[in-house]
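# Understanding the architecture of this molecule
Here is how the chains run, residue by residue.
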Amino acid sequence: MKEIDFMSVLHKSTNRDYLARVNDKEFPKSKAAELAKQYSFEYWDGDRRINYGGYKYIENRWLPVAKKINEYYKLDKKPRILDVGCGKGFLLFEFLKIIPEAEIYGLDISKYAIENCKDEIKDNLKVGNSNDLPWPDDFFDLVISINTLHNLYSFDLKKSLKEIERVAKKNKYICVESYRNEQEKANLLYWQVTCEAFNTPKEWLWWFREFGYTGDYSFIYFE
């Protein structure tokens, strides 16, 4: 396992008003969380006070991430790539720009996200749960999961980590939200509407080792 940061540039490009999310009169944190955890319209394209506030494709936004991942893992010309928690598939679509012959696969629990994904890759994505991946052992050259596994309770986290380990030949990368101090912990609690696993980096590493995950990882912090 190795910590490798592919995501902080995108994460830090967003401004967040933590107190406003908690104290909003129409969508206070508890109400926003109830709506967000349905993973439907409100989560992706509803009011910004609930979650994304309109998760639209922005040309090349995810391209630097795809390039960094490709360069780091030195993927060949026809790799099989799985994104667990792919959302609308924007990162997978960007992978095809740099690896046109790649076989891309995406899975997400949100039926709404899959129905509203990039049309060009709709046939490559499916609705499903990360704790039961519908592919054989050692099927993928790369499995990634970005900002997904912290949304799971511990019993599902165990299953999901084991499933990612099972279907990947070697290369695996997970990004989850975490905190290093009380300020970041408070910000994470204020902002996140779907997170169920609130762990420090040391705790995340314990989970990874406990459940046999051997891939790479990184953390997102709400500074």
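A few points on the structure. (Residues numbered from 1 in each chain as written. Predicted model: local features only at pLDDT ≥ 70, side-chain atom pairs only at ≥ 80, totals over all residues. Heavy atoms only, no water.)

Here Thr148 lies in the loop between strand 4 (140–146) and helix 8 (154–167). Sequence-distant contacts of Thr148, that is, excluding residues within four places in its chain, are made with Val84, Gly85 and Cys175. (Helix = DSSP H or I, 4+ residues; strand = E, 2+ residues; numbered from the N terminus. Contact = heavy atoms within 4.5 Å.)

Before going further, it helps to examine the pairing of strand 5 (residues 168–177). The buried fraction of strand 5 amounts to eight of the ten residues, a majority that puts the element mostly inside the structure. With six bridges joining them, strand 4 and strand 5 adopt parallel strand pairing. The residue of strand 5 that forms the bridge with Phe140 is Ala168. A crossover links strand 4 with its parallel partner strand 5, the connecting element being helix 8, and its sense is right-handed. Summarising the sheet, strand 5 and strand 6 (residues 216–220) pair through five bridges and their orientation is parallel. Bridging across to strand 6, Tyr173 finds its partner in Asp216. (Buried < 20%, exposed > 50% of the residue type's maximum accessible area, 1.4 Å probe, protein only. Pairing = 2+ DSSP bridges. Right-handed = clockwise from strand over helix to strand, strands pointing away.)

This next bit is on the pairing of strand 1 (residues 80–84). Among the five residues of strand 1, four are classified as buried, and the element is accordingly described as predominantly covered. Note that strand 1 and strand 2 (residues 103–108) share five bridges and pair parallel. Within strand 2, the residue paired with Ile81 across the bridge is Ile104. Of the pairings in the sheet, the one linking strand 1 to strand 4 comprises three bridges and is parallel in character. Across the sheet, the residue bridging to Ile81 is Leu142, located in strand 4.

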